[in-house]
Amino acid sequence: MIASYVAPTRASESKDLKKSQTSAAKAHTSATHHVKRARASKRLIETQGPPYATRADAMQAADAIAARLVLDAQWVREAIGQSRYMPGIARAIAPPPVGTPKNWAVYRSRFVEPMRIRAGVKFWLNNRETLERAEQQTGVPASIIVGIIGVETIYGQQTGTYRVMDALTTLAFDFPPEHPRAAERAAFFLRELEAFLELTHRTHTDPLALRGSYAGAMGLPQFMPSSWSKYGIDFDGDGRVDLFHSTADVIGSVANYFKAFGWKPGMPTHFPVHLVANDADKAALLAPDILPTFTAAAMAAKGAELDATALQHIGPLALVELQNADAPPLYLAGTENFYAITRYNWSSYYALAVIELGQAVAAAMPK
């Protein structure tokens with residue numbers, strides 16, 4: 001009797017438990033979906049923002065731009081008016097918090113890594129002849145061109161998801177005021193907005209159709225609009241410059257950019273440096289920042305130990321310091337070609353990442 005009584009009770013309890021677990025799981029799933037929907041709605045509202053057509057100052061700027069560029073005022077008004085303020089872009093452009101330590105090793109690991117190297121080898125193999133032609137015509141090594149495109153977009157895998165108009169209007173009209181160079185940067189992005197409108201009007205492109213980075217950079221090489229107009233070239237001979245789809249135009253334009261900024265064929269980008277303990281006048285050596293200023297002899301006289309090749313270098317050098325958080329910094333003697341790479345992105349960390357990614361891809365190429 002006890003056995004026959006207990007067994008059904010356990011079975012009943014088991015069913016009740018399963019029902020309870022099922023209900024709890026459904027409730028948890030429903031709650032999770034609710035939270036996800038709420039977050040998605042919040043992101044959607046935030047990413048859309050109000051259109052600039054509602055802003056009198058933006059519409060006044062549109063009229064002024066149309067007058068300066070001799071463009072149809074209604075076309076400019078519609079392009080700017082349909083653009084939207086993007087709070088996420090305003091946050092992304094903000095500088096890192098004061099006191100955030102720089103770390104070259106961590107920075108390098110983001111770019112010189114297996115996925116980019118494999119993608120770089122594939123890109124190089126698919127575009128070998130074009131890279132050779134660009135190098136012959138400009139003197140810019142294929143490895144530097146490959147390094148740039150790999151660091152910027154992983155060879156076209158990540159070209160940006162923001163509407164370029166949204167990015168440029170947000171940063172032109174609503175640049176974060178707490179930024180130490182807010183007025184200067186807002187003026188820069190207003191000029192880029194003008195360059196973008198001029199570019200899209202000239203090429204009969206819908207300005208609201210193009211997408212790029214949160215700063216308005218476009219295509220595989222992430223050219224800003226003014227750079228597209230100044231340095232973009234038709235390297236595939238089809239009569240137009242296409243930095244989104246034509247790898248030949250991308251390669252030729254990157255090489256042309258560096259040629260315009262004084263790339264010197266055959267010159268190394270940098271040399272190793274060791275600072276003599278307690279004898280190096282580091283403050284004086286770092287004063288010009290990354291602008292090449294010193295002769296090799298002058299650097300040596302201030303306590304920078306250079307190898308034999310560097311001592312024979314003809315031309316100015318800069319002491320480049322790359323911090324490694326709590327570890328000792330890495331020091332380099334940057335040449336004019338190192339400085340040329342920083343004209344693409346004003347960062348010595350960026351420049352060295354480009355150089356070392358290009359070298360890693362070259363080393364991985366089939367023999």
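Residues numbered from 1 in each chain as written. Predicted model: local features only at pLDDT ≥ 70, side-chain atom pairs only at ≥ 80, totals over all residues. Heavy atoms only, no water.

Asker: Provide a residue-level description of the packing of helix α6 (residues 114-126) against helix α17 (residues 348-364), including the pertinent values.
Answerer: Viewed as axis vectors pointing N to C, α6 and α17 meet at an angle of 65°, and their least axial separation amounts to 9 Å. In this view, α6 runs roughly perpendicular relative to α17, as classed from their interaxial angle. Handedness of the crossing formed by α6 with α17: right-handed. Along its contact with α6, which presents R116, I117, G120, V121 and W124, the element α17 presents L357, G358, A360, V361, A362 and A364. Among the residues forming the contact of α6 with α17, the class breakdown is eight nonpolar, two polar and one charged. (Axes fitted to C-alpha atoms, helices over the stretch in contact; angles between N-to-C directions. Helix = DSSP H or I, 4+ residues; strand = E, 2+ residues; numbered from the N terminus. Parallel < 35°, antiparallel > 145°, perpendicular 65-115°, else oblique. Left-handed = near helix turned anticlockwise from the far one by under 90°. Contact = heavy atoms within 4.5 Å. Nonpolar A, V, L, I, M, F, W, Y, C, P; charged D, E, K, R; others polar.)

Asker: An account of the pairing of strand β5 (residues 318-324) is requested, with residue identities and associated values reported.
Answerer: The element β5 is largely enclosed, with a buried count of five among its seven residues. Linking two consecutive strands that pair antiparallel, namely β5 and strand β6 (residues 327-334), is a turn of two residues; a positive phi of about 55° is found at A325 within it. (Buried < 20%, exposed > 50% of the residue type's maximum accessible area, 1.4 Å probe, protein only. Pairing = 2+ DSSP bridges.)

Asker: Tell me about helix α7 (residues 128-138), and please be specific about residues and values.
Answerer: If you check which residues of α7 are buried, you get T130, L131, A134 and T138. The buried side chains of α7 occupy one side of the element, clustering within an arc of 100° when seen end-on. With respect to the buried face of α7, the exposed residues turned more than 90 degrees away are E129 and Q136. Contacts made by the buried residues of α7 are with α6, α8 (142-153) and α12 (247-260). Two residues or fewer after α7 comes G139, characterised by a positive phi angle close to 85°. (Arc of directions from axis to C-beta.)

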